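Geometric and topological summary
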Amino acid sequence: MKEIVLVMPLMLVLAMAIWTDLRSGLIPNRLTFSTMGLAVLAHGWMHGFQGMIFSLAGLGMGFGLFLLLYLGGGMGAGDVKLMAAIGAIIGAYGVLVSGFLAILVGGIYAVGAMSYRWGFVEMCRKLSRATYTALLTGGNGWRDELQLPFQLRYGLAIAAGTLLFCLGFNPFEG
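Residues numbered from 1 in each chain as written. Predicted model: local features only at pLDDT ≥ 70, side-chain atom pairs only at ≥ 80, totals over all residues. Heavy atoms only, no water.

1. Thoughts on the packing of helix 1 (residues 7-24) against helix 6 (residues 154-166)
Our working definition: A fitted line through C-alpha atoms represents every axis, and for helices the fit uses only the stretch in contact; the resulting angles, taken between N-to-C directions, go from 0 to 180 degrees. Comment: elements are numbered from the N terminus, with helices defined as DSSP H or I runs of at least four residues and strands as E runs of at least two. Working definition: roughly parallel below 35 degrees, roughly antiparallel above 145 degrees, roughly perpendicular at 65 to 115 degrees, and oblique for all remaining angles. Crossings are assigned a handedness: left-handed for a near helix turned anticlockwise from the far helix by less than a right angle, right-handed for a clockwise turn. The criterion used for residue contact is that any of the two residues' heavy atoms lie within 4.5 Å. Following the grouping adopted for this structure description, the nonpolar residues are Ala, Val, Leu, Ile, Met, Phe, Trp, Tyr, Cys and Pro, the charged ones are Asp, Glu, Lys and Arg, and the polar ones are all others, Gly among them.
Following both chains from N to C, one finds helix 1 and helix 6 inclined at 160°, their axes separated by 8 Å at the closest point. Taken as axis vectors, helix 1 and helix 6 run roughly antiparallel relative to one another. Of the two elements, helix 1 crosses helix 6, and the hand of that crossing is left-handed. Every residue of helix 6 that contacts helix 1 at Leu10, Met11, Leu14, Ile18, Asp21 and Leu22 is listed here: Tyr154, Gly155, Leu156, Ala159, Thr162, Leu163 and Cys166. Partitioned by chemical class, the residues of the contact of helix 1 with helix 6 number 10 nonpolar, 2 polar and 1 charged.

2. Let's talk about the environment of Phe169
Within the secondary structure layout, Phe169 lies in the segment after helix 6. Separated by 72 residues in the primary sequence, Phe169 and Val97 place their C-alpha atoms 9.1 Å from one another. Not counting residues up to four positions away in its chain, the partners in contact with Phe169 are Val97, Leu101 and Leu164.

3. Details of the pattern of salt bridges
A side chain with one charge can pair with a side chain of the opposite charge if their charged atoms come near. Threshold: Salt bridge criterion: a side-chain nitrogen from Lys or Arg within 4 Å of a carboxyl oxygen from Asp or Glu. Classification of residues uses two cut-offs on accessible area relative to the type maximum, computed with a 1.4 Å probe and protein chains only: under 20% is buried, over 50% is exposed, and between them is partly exposed.
Going through the model one piece at a time under the given rule, you end up with 2 salt bridges. Glu122 serves as the salt-bridge partner of Arg125, at 3.4 Å between the closest nitrogen and oxygen. Remark: Glu122 and Arg125 occur in helix 4 (residues 120-137); sequence separation between them is 3 residues, near one turn of the helix. Judged by relative accessible area, which is 25%, Glu122 ranks as partly exposed. Note that Arg129 is salt-bridged to Glu122, the shortest N-O span being 3.5 Å. Here Arg129 falls in the partly exposed class, since its relative accessible area comes to 37%.

As structure tokens, then:
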């Protein structure tokens, strides 16, 4: 990430998102929308119109990427808005990589939660039954098979994916 001056505000936003997500299961609009606005203004102030375009492109990419997951029932609206706010800070490419990493971390998180709840063998059974149901029926019956008695806090995965990107981890660069 080129704009080192924005790293600290980004880390603060991620910390607040984790805190509120763990505490209440929500990521508040006042955090996400204010971050979006301030990021667009900061980029505009530092780089003019091009900076604003950079920030708005990231906002749109983050929103669009996670909107698909939201519409599929995989996460809450606060997670989508958080990814849009992150995109407004780190731009389209940064949020694309961060989003990909967040999805990977989220998958590991979900498998870990299922394994913790049901044990490894039962988790594998449930995953195979859910896969079979999804392939056989093409419907949503598989979701019932994988229903956890608690809600995963995806803000953690988003923060982890973003942090990995900020630390220089990028699976798309060789």
